[in-house]
Structures are given as C-alpha cells and as structure tokens.
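Each chain, written out:
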Amino acid sequence: MGTYIMNNHFPAYVLYGPGTVARIEWDREKKRVLIITDRGLLKTGNIKRVHKVFPHADVYGEIVGEPTSEMVDAAVEYGRRGRYDLVIGIGGGSALDTAKIVAALLKGKESVTAVFGKDRLQPRQTRLGLIPTTAGTGSEASINSIIKDSTDGIKKSVISREMIPDWVVLDAELTMSLPAPITASTGMDALCHCIESALSLNANDFSVIYSYHGMKLLSKNIEQAVAEGTNLEARGAMLLGSFLGGLAITRAGTTAVHALSYPLGKRNIPHGVANGMLLPWILDYNLPACQDKMMELVPYLDSKKPLAAAEDIVALTMELVKTLPVPKTLAEVGIGEECLSELAAEAMEQKRLLVNNPRSMDQEAVETIYRKLLF
Ligand SMILES: [Fe+2]
C-alpha cells in the first residue's frame, strides 16, 4: 500500500460548455481588467467574446511563440503600470502561462527569473481567470508556468499553488477554428499528460481518476476533432480531456516523454509535436517495467482492435501518430544524428520528470530512443 498526499489544487469555478464565455459571472464588477493573449488571437472573434463580458478590459497581445522571461517581464511591467485587479488569460499554453505569472507578480517588484523554482511566489493579490483556446497544455489546471530563461535559453518552471486560477472557462466554440495540425499536436500533448500521469511512479488513487477519464475523452475524440474541426461535441471532449490532463499532471507529474521532449523544445520543435513523436517509443521502453499498469489503461483507450497485451497499446499509439497530421521523425523537423548525444545529455537534466518514469533511464537508453525517432 502506497502513501501519498492529496492536494486541493483546483480552480474555484470551472464553467464548461459551448457558448459559456458569455455566461461568466465572476469579477464582472472589476473596473481594471487586463486580457493577456497570443498575438495570433488578436484579430479573432474570441477576444470580442470576452470583451462583451468585460467591455472596459485592456488587451495585451504581445505573446508570440513560447514565452521567454523577457516577454513575460514586459507583460508584468505593462500590468503593473495599469494597476489591474483582474487578469484574464485567453489563448494557448503560452498566453495562459504568461497570464498566471502576471497575476502573481503584478502587485510585487520581482521579475520572473527571481521566482523560478518551487513555492517562490507570495500569495497572489490579483484575481485570475483562464480561458484556453487550444486543447493541449492543461495550463488552466496546473500549478506550473514554463518560461524560457532569456539569459541562458533554458526552459524553467515557476511552480506554486498561487498559479491556480480563480475561474476557468472551457468553451469549445473558441477552439473551432484551430487548424488540424495544431489540433493534432496539442491533442497529443494532452493525451501524453493523461497517459504519463497514469503510469507515473507518483500516481495515486486520486490522480488516476483525472488521468483515466481525460484519456477516454481524448482517445475517443482526437481523430474526429482533427478531421472535422467544427464538430462541437469532439472539440468539447478534447477541451475537457485537456483540462483533466492538467489536473492529473498537477498531482502525479509527467515522465520520460516530457523529459525527452524539452531538449527538442529548446530547438523550437513545438511541445505537442515532440511529445507525440516520443510517446510510442517511451511506452515501448517502459513495457518491461509496467505491463500490468499499462493494461489498466485498456478500458480508457479507443481502439478498433482488441487490446489484449501491453504491446498492443504501444502499437495503438504508434498507429495514432501515423494517422495524425504531425511530423513523425526527427529528420522531418531538421534534427540529425549529430545532435543525439547532446539531446540525451540535456534530457538527463530533467531529473524532476525522469524520477517519475516507471523504468529508470540512463543517458545511453535516452540516446537509443532518440535514435529510433531519427527516420
Ligand atoms: Fe505538456
């Protein structure tokens, strides 16, 4: 029998359903409201929908690509000048991760680099609402923000329960225009969160509730959401699955997929693309260590063929990646053999994630996995 602590890291309110942005009922009285979003989202109707609820809100739309500490500090500075009392993050993981930091630091003097690490934040004094427009990172449910340190190019985390928002809106109508390749890669990130957290050595009776149900929703709907972007049902399931994945990793963590993904992220390969590529090979590597635990996933995975053995689950994920419009090899994203040992050395630095992996990994094993991804 294992021992564990159950935490209560959960947003106070979660509003789920199509069109629900219009029904936000919290913080409507706030006068100084800041919307933080990706630059790409500025011209979409999604910002207008939030503006209808908060007509006086200012919009900060300078988030481009994955956030750097410079980008986040600029957003924090903007927030401080406006003395906002509500921050709303709307967009993909980058916008949400930035909004979380802005809300946390707005009333203080620190820069983001001063709060990298665990539990370095003072109690948050600014209200925070998060509205994801991709079904992937689960940032709206997690205690992390991942930011690239502009001084050394390394992705670092701010980890604190102060990052948990006051409210979340999961409105699938906002995800309808997401292009198929991004739906696929972000969806694979979410699926990785659920599968990795379920197999994590840190999983417990509470975390698997989120992992399993998230996995069921994502596995059943990812292909449909990619093939038919306007399918509201599939989009809604993906958004909820992604949120549940965020809750799951907040409790059980991710494993080797994410550990090996970070060095690829450093080379500008999108997070979900890297994770999707790695998932089947990491499951294959982990097989000898967790066959029984993998078989527990069977009821939650959508498969046309019966999943009679853990090997069938590996094959299922391999097949899924093949059918989705995402790069499948390192060659396709411009990474060659000469990079492998450096990648492996960098992945070994992700000890925080590797300790959760059901089978231990040395640098040679990591390099072997990257090699399998080459072509
Ligand atoms: Fe992720």
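Cut-offs and rules
- Residues numbered from 1 in each chain as written.
- Predicted model: local features only at pLDDT ≥ 70, side-chain atom pairs only at ≥ 80, totals over all residues.
- Heavy atoms only, no water.
- Donors = N, O, S within 2.8 Å, 3.2 Å for Na, K, Ca; no water.
- Tetrahedral: all angles 85-135°; square planar, octahedral: opposite > 155°, others 65-115°.
- Helix = DSSP H or I, 4+ residues; strand = E, 2+ residues; numbered from the N terminus.
- Buried < 20%, exposed > 50% of the residue type's maximum accessible area, 1.4 Å probe, protein only.
- Pairing = 2+ DSSP bridges.
- Axes fitted to C-alpha atoms, helices over the stretch in contact; angles between N-to-C directions.
- Core = buried A, V, L, I, M, F, W, Y, C linked by side-chain atoms within 4.5 Å.
- Domains from an automatic or database assignment.
- Contact = heavy atoms within 4.5 Å.
- Buried area = accessible area lost by both parts, 1.4 Å probe.
- Salt bridge = Lys/Arg side-chain N within 4 Å of Asp/Glu carboxyl O.
- Polar contact = N/O pair within 3.5 Å; in protein donor to acceptor, adjacent residues only side chain to side chain.
- Parallel < 35°, antiparallel > 145°, perpendicular 65-115°, else oblique.
- Left-handed = near helix turned anticlockwise from the far one by under 90°.
- Nonpolar A, V, L, I, M, F, W, Y, C, P; charged D, E, K, R; others polar.
- Phe/Tyr/Trp six-rings, centres within 6.5 Å; stacked < 30°, edge-to-face > 60°.

1. Side note on the coordination of the iron ion
No. 1: Protein coordination of the iron ion is provided by Asp189 (OD), His193 (NE2), His258 (NE2) and His271 (NE2), with donor distances spanning 2.1 to 2.3 Å.
No. 2: Classification of the site at the iron ion as irregular follows from its 4 donor atoms and the range of 82 to 171° in their angles at the metal.
No. 3: Each donor residue of the iron ion lies on the same chain, and together they follow the pattern D-x3-H-x64-H-x12-H. Separated by 13 residues along the polypeptide, His258 in helix α7 (residues 256-266) and His271 in helix α8 (residues 271-286) bring together distant segments of the chain. Per residue, the accessibility class of His258 equals that of His271, and both read buried.

2. Topic: the sheet that holds strand β4 (residues 86-91)
No. 1: Strand order in this open sheet of 6 strands is β1-β9-β6-β4-β2-β3, and the pairing throughout is parallel. Among the strands making up the open sheet, the edge pair consists of β1 (13-16) and β3 (58-63). Neighbouring strand axes in the sheet, compared pairwise and without regard to direction, differ in orientation by 15° on average.
No. 2: Strand direction decides the pairing type here: strand β2 (residues 33-38) and β4, joined by 5 bridges, are parallel. Note that in β4 the partner of Ile35 across the bridge is Ile88.

3. A look at the nonpolar core
No. 1: Judged by nonpolar contacts, the single largest core of 76 residues is most densely connected at Met215, Leu260, Leu264, Leu278, Met294, Met361 and Tyr370.
No. 2: Looking at this core, you find at least three residues from each of domain 1 (13-174) and domain 2 (178-372).
No. 3: Every residue in contact with Tyr370, bar those within four places of it in the chain, is listed here: Leu260, Pro263, Leu264, Leu278, Leu330, Leu340, Leu343, Ala344 and Ala347.
No. 4: One finds Tyr60, Leu96, Val102 and Val112 within the second-largest nonpolar core, a separate group that totals 27 residues.

4. Digging into the domain arrangement of the protein chain
No. 1: Assigned domains within the protein chain: domain 1 (13-174) and domain 2 (178-372).
No. 2: Summarising the inter-unit geometry, the C-alpha centres of domain 1 and domain 2 are found 25 Å apart.
No. 3: Of the roughly 2,000 Å² buried between domain 1 and domain 2, counting both surfaces, carbon and sulfur atoms make up 66%.
No. 4: Summed over the shared surface of domain 1 and domain 2, the number is 0 salt bridges.
No. 5: Elements supplying a minimum of two residues to the side of domain 1 that touches domain 2: β1, β7 (144-148), β8 (155-159) and β9 (167-170).

5. Quick look at the environment of Ser242
No. 1: Here Ser242 is to be found in helix α6 (residues 232-252).
No. 2: With 101 residues separating them along the chain, Ser242 and Ala141 place their C-alpha atoms 9.0 Å apart.
No. 3: In this structure the side chain of Ser242 is engaged in a polar contact, spanning 3.0 Å, whose partner is the backbone nitrogen of Gly136.

6. Thoughts on the packing of helix α4 (residues 180-199) against α6
No. 1: Close contact between α4 and α6 brings their axes to 8 Å; oriented N to C, the two are set at 40°. For the element pair α4 / α6, the angle class is oblique. Read as a crossing pair, α4 and α6 show a hand that is left-handed. Every residue of α6 that contacts α4 at Thr183, Gly187, Ala190, His193, Cys194 and Ser197 is listed here: Arg235, Met238, Gly241, Ser242, Gly245, Ala248, Ile249 and Ala252.
No. 2: Split into classes, the residues belonging to the contact of α4 with α6 amount to 6 nonpolar, 7 polar and 1 charged.

7. Digging into the packing of aromatic side chains
No. 1: This structure, assessed with the given rule, holds 8 aromatic pairs.
No. 2: Ring plane angle 25° and centroid distance 5.1 Å describe the contact between Tyr13 and Trp26, whose orientation is recorded as stacked. Of this pair, Tyr13 sits in strand β1 while Trp26 sits in the loop between β1 and β2, placing them 13 residues apart in sequence.
No. 3: Judged by its relative accessible area of 44%, Tyr13 is partly exposed.
No. 4: Classification of Trp26 by relative accessible area gives buried; the value is 12%.

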